[in-house]
Amino acid sequence: MEGPLVSERRGVWWVLACSLALASCGDMEEAEDPDARLLEVGQATAECSTGVRWTGGLKGSPLMMPGSDCIGCHAEWDGPTFTAAGTIHGDFRDEEECAGVPGVTVQLTGADGRVVEVVTNAAGNFYTTAPVAKPYRVTLLLDGSRRVMPVPQSEGSCGACHTRNGKNGAPGRAVAPR
Ligand code: HEC
Ligand code: HEC
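Treat the numbers as computed from the prediction; the structure is a model and nothing was measured. (Residues numbered from 1 in each chain as written. Chains lettered and ligands numbered in written order. Predicted model: local features only at pLDDT ≥ 70, side-chain atom pairs only at ≥ 80, totals over all residues. Heavy atoms only, no water.)

Caption draft 1: Representation of the site of ligand 2 within the structure. In the region of ligand 2, 23 residues are neighbours, and Arg-147, Met-149, Cys-158, Cys-161 and His-162 sit closest. In this structure, an oxygen atom belonging to ligand 2 sits 2.7 Å away from a side-chain N or O atom of Arg-147. Within the contact set of ligand 2, a nitrogen atom lies 2.8 Å away from a side-chain nitrogen or oxygen of His-162. Where the shell around ligand 2 is concerned, the elements lending two or more residues are strand S7 (137-142) and strand S8 (145-148). Per-class residue counts for the shell around ligand 2 are 16 nonpolar, 5 polar and 2 charged. (Near = heavy atom within 4 Å. Polar contact = N/O pair within 3.5 Å; in protein donor to acceptor, adjacent residues only side chain to side chain. Helix = DSSP H or I, 4+ residues; strand = E, 2+ residues; numbered from the N terminus. Nonpolar A, V, L, I, M, F, W, Y, C, P; charged D, E, K, R; others polar.)

So this is what it looks like as C-alpha cells:
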C-alpha cells in the first residue's frame, strides 16, 4: 500500500532535484535522497510550485510551516528566538505551507556591514540567531543567479510581508533566483 505513494513522492523530488542541479540525475538510484526528511513530513501536491506541501501542522521543526511569520508566532507561543527567519519559495503566489526551494543562500547584510549567510533547508526555510543589525539588506544566491531586495528592512521575519498576496508593499513570496 505504501509502495506506489512513496515512489510517486520521490519522483516529485527527483524532478525538483534535477531542475535545481542539486544532484546528478544519472546517479539518482545510488545517491542518498537529500530530501528524505521532508518526504517523511510532506505531501506531494501539484498546487505548490515545488510539488510538496508541509503536513506537520504546528509540530516544532526546522521544516515547519513554510511561508509563515516564523518570528511573530515564536514570540507569541514561546518558540525559539531568531534574529531573521523565513522561507524562499519557487513562486510569488505559492499558498500557505507550500515547501520552498532548498539550497538557496540567504545573505543578510546588517546596517553595521556584518554579513550573515544561511542556506535554506529541505522545506525552503532558513533561520538564524546571529545578530543582524537593522535595517538589513537581502541577497539570495542560487547556482550563480541572484535576487536582491531593493529596500532595506527592519523586521527580521520575511513572512510578515512576503505572504501570498504580499503585505507592506512586498510582491508576494520571497522567491528563489532563477
Ligand atoms: C503558528 C506558530 C508557529 C509558526 C508560524 C512557526 N513556528 Fe516554529 N515553533 C513554534 C513553537 C510553538 C515551537 C516550540 C515548540 C515545539 O518545538 O513544538 C517552534 C519550534 C521551532 C523550532 C525548533 C524545533 C526543534 O526541533 O526544537 C524551529 C527550528 C522552528 N520552530 C522554525 C520555524 C521556522 C523556520 C518557521 C517559519 C518558516 C516557524 N518555525 C514558524 C511555533 C511556530
Ligand atoms: C517589512 C516588510 C518586509 C520584510 C520583513 C521583508 N521584505 Fe522583502 N520585500 C519587501 C518589499 C516592500 C519588497 C519590494 C520592494 C520594491 O520592489 O520596491 C521586497 C522585495 C524583496 C525581494 C525582491 C523581490 C523580487 O522582485 O524578486 C526579495 C528577494 C526579498 N524581498 C526577500 C526578503 C527576505 C529573504 C526577507 C527576510 C529575511 C524579506 N524580504 C523581508 C518587504 C519586506
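Continuing now.
Caption draft 2: Summary view of the sheet that holds S8. Spatially, 4 strands are ordered S5-S4-S7-S8 in an open sheet, and the strand pairing comes out antiparallel. This sheet does not close on itself; its edge strands, each paired only once, are strand S5 (115-119) and S8. Taken over all neighbouring pairs, the strand axes of this sheet differ in orientation by 20° on average, direction set aside. (Pairing = 2+ DSSP bridges. Axes fitted to C-alpha atoms, helices over the stretch in contact; angles between N-to-C directions.)

Caption draft 3: Quick peek at the pattern of salt bridges. Applying the stated criterion across every chain, the model contains 3 salt bridges. The residue Glu-96 makes a salt bridge to Arg-173 at a minimum N-O spacing of 3.4 Å. Residue Glu-96 is located in the loop between strand S3 (84-87) and strand S4 (105-109), and its partner Arg-173 is located in the segment after S8; the two are separated by 77 residues in the primary sequence. When its relative accessible area of 46% is taken as the criterion, Glu-96 is described as partly exposed. On the basis of relative accessible area, Arg-173 is assigned to the buried category, the value being 0%. (Salt bridge = Lys/Arg side-chain N within 4 Å of Asp/Glu carboxyl O. Buried < 20%, exposed > 50% of the residue type's maximum accessible area, 1.4 Å probe, protein only.)

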